[in-house]
Amino acid sequence: MSGFVRARGTFAALATAGAAVTALLAAPSAVAAPQPVVGGSTTTTGAYPFVMQITDASQNQFCGGTLVSPTKVVTAAHCMAGETPRSVRVVGGRTYRNGTDGTVVRVDRIWVHPGYTRVTDGDDVAVLTLSAPMPHTPVKYVSSSDTSVYAAGTTARVLGWGTTRENGAASQQLRTATVPVVSDASCRGSYGSGFVASDMVCAGLASGGVDTCQGDSGGPLVIGGVLAGITSWGEGCARAGQPGVYSRLTTFSGLVAAQVASQPRARDT
Ligand code: ARG
């Protein structure tokens, strides 16, 4: 059973395994007392206007995303599994999951890294092209030469509407927390060959307690005011010695830049 709560699936996929997870968590010795994840505090899209909800056609949030230009949103490839441009919406400026405010924009095109497979979770990056400009301020993303942003101990900010504890309920309000970047050697110690240093970077406290969790995937890891990672996976959430794993955006920034530069085909009128 090892790894069965490994948080690599989408929020929806994980929900189906919920009963088994609940059974494990009910055992007093299974895990430490549940910790709030994204453990920091509630915030607003006014404070972080580049944070987007990725929703289904009924505007139910299932992942996060980051606005990097008026019409381009970076998210996780695993968030787009089974999705089509018609099945997803991007919602900006909506602090609450159940809000009706903000801007709902359709998607013209979904680019998923061609190397992405669920087998390794590497290459977990996707770029959505919006059908209309999002009237919110984008954030810059790292360039491929910015590799020093991942120095161990550097403070990174995470954001999302995901669950506030492992196997818990999704947050109604956007939350944010800061977590230190973990060295590749340490993350390799946590995850072995599951950690692919060329594609991934880890962040979290050694003692756990603060982390992203289910539903936060696709959302931003911001370092020094610049998008540097994409929430991807972890073993459970906020566990000691099991940091969150983020797509290492410096590896993908050339590919992302090409997507950001490419304009959608003229649509039929
Ligand atoms: N894969 C999850 C999602 O789809 C994100 C999990 C992040 N887990 C963690 N421990 N940091 O929402």
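Residues numbered from 1 in each chain as written. Predicted model: local features only at pLDDT ≥ 70, side-chain atom pairs only at ≥ 80, totals over all residues. Heavy atoms only, no water.

Some details on the sheet that holds strand β3 (residues 61-69)
We count it as follows: A strand pair is defined by DSSP finding two or more bridges across the two strands. Labels follow the DSSP assignment, with helices taken as runs of H or I lasting at least four residues and strands as runs of E lasting at least two, numbered in each case from the N terminus. Think of each axis as a best-fit line through the C-alpha atoms, taken over the contacting stretch in the case of a helix, with angles from 0 to 180 degrees between the N-to-C directions.
Pairing within the closed barrel is antiparallel, and its six strands lie in the order β2-β3-β4-β7-β6-β5. Ignoring strand direction, the axes of neighbouring strands in this sheet form an average angle of 40°. Bridging between β3 and strand β4 (residues 72-75) involves three bridges; their strand directions are antiparallel. Bridge assignment links S69 to a residue of β4, and that residue is K72.

Observations regarding the nonpolar core
Selection rule: Nine residue types can take part in a nonpolar core, namely buried Ala, Val, Leu, Ile, Met, Phe, Trp, Tyr and Cys, and a core is a set of them joined through side-chain atoms within 4.5 Å. With a 1.4 Å probe rolled over the protein chains alone, any residue whose accessible area is under 20% of its type maximum counts as buried; one over 50% counts as exposed, and the rest are partly exposed. We call two residues in contact when some of their heavy atoms are within 4.5 Å.
Ranked by internal contacts, the top residues of the largest apolar core, which has 52 residues, are V90 and Y150. Setting aside chain neighbours within four positions, we find V90 in contact with M52, Q53, I54, V73, T103, V104, V105, V107, L128, L130 and M134. Judged by nonpolar contacts, the second largest core, of eight residues, contains C187, F195, C202 and W233.

Description of the confidence of the model for the protein
Selection criterion: pLDDT expresses, on a scale from 0 to 100, how confident the predictor is about each individual residue.
In the predicted model, the protein carries a mean pLDDT of 87, and the fraction of residues at 70 or more is 83%. Note on residues 1-37: pLDDT is under 50 here. Beyond four places in sequence and across chains, it has 60 contacts.

Overview of the side chain of T45
Relative to the helices and strands, T45 resides in the loop between β1 (41-42) and β2 (51-56). Other than its neighbours up to four places away in sequence, T45 contacts V51, G93, R94, T95, W161 and L174.

Remarks on the state of the cysteines
Heads up, the rule is: In this description, the term disulfide denotes a pair of cysteine sulfurs within 2.5 Å.
Applying the stated criterion across every chain, the model contains three disulfides. Disulfide pairing is shown between C63 and C79; the S-S distance is 2.1 Å. Measuring handedness by torsion sign, the sulfur bridge of C63 and C79 sits at about -85° and is left-handed. Of this pair, C63 sits in strand β3 while C79 is found in the loop between β4 and β5 (88-92), placing the two residues 16 residues apart along the sequence. Taking the relative accessible area as the measure of exposure, C63 reaches 1% and is therefore buried. Between the sulfur atoms of C187 and its disulfide mate C202 the distance is 1.8 Å. The sign of the S-S torsion, about -55°, decides the handedness of the disulfide formed by C187 and C202: left-handed.

Focus on the pairing of strand β10 (residues 200-203)
The alternating pattern of β10 places M200 and C202 and V201 and A203 on opposite faces, both of which are buried. As defined by bridge partners, strand β9 (residues 175-182) adjoins β10 across two bridges and the pair is classed as antiparallel. When the bridges of β10 are listed, V181 appears paired with A203. Here β10 pairs with strand β13 (residues 244-248) via four bridges, running antiparallel. Counterpart to M200 in the pairing with β13 is S247.

As for unusual backbone geometry
Trans peptide bonds make up most of the peptide bonds, and negative phi angles are found at most residues other than glycine. A positive phi angle, close to 65°, is found at Q59, a residue other than glycine. Tracing the chain through its elements places Q59 in the loop between β2 and β3. Among the residues examined, Q59 registers a relative accessible area of 29% and is labelled partly exposed.

What about helix α4 (residues 249-261)?
What counts here: Helices are assigned an expected span. That span is 1.5 Å times one less than the residue count. Note on bend: the value at a residue is the angle between axes fitted to the seven residues ending there and to the seven starting there.
The terminal C-alpha atoms of α4 lie 17 Å apart, and with 13 residues this matches the ideal 18 Å at 1.5 Å per residue to within 8%. The principal kink in α4, of about 35°, is found at L255. Taken together, the buried positions of α4 are occupied by L249, T250, F252, S253, V256, Q259 and V260. Looking at the buried side of α4, the elements it contacts are β3, β4, β6 (103-112), β7 (126-130), β12 (226-233) and β13.

Looking at the packing of aromatic side chains
To be explicit about the condition: A pair of Phe, Tyr and Trp rings is counted when the ring centres sit within 6.5 Å of each other, with Trp represented by its six-membered ring. The angle between the planes then sorts it: under 30 degrees is stacked, over 60 is edge-to-face, the rest tilted.
The full count for this structure, using the stated rule, is two aromatic pairs. Taken together, a centroid distance of 6.1 Å and an interplanar angle of 85° make the contact between Y48 and F50 edge-to-face. As far as the burial class goes, Y48 and F50 line up, both buried.

Re the pattern of salt bridges
We apply this condition: The term salt bridge refers to a side-chain nitrogen of Lys or Arg lying within 4 Å of a carboxyl oxygen of Asp or Glu.
Per the counting criterion, the structure on display carries three salt bridges. Linking R239 and E166 is a salt bridge whose minimum nitrogen-to-oxygen distance equals 2.7 Å. Of this pair, R239 sits in the loop between β12 and β13 while E166 sits in the loop between β8 (155-160) and β9; the two residues are 73 residues apart in sequence, bridging distant segments of the chain. R248 is the salt-bridge partner of D184, the closest N and O atoms lying 3.1 Å from each other. A residue pair is termed long-range when its members are at least 10 positions apart, and D184 in helix α3 (residues 184-191) and R248 in strand β13 qualify at 64 residues.

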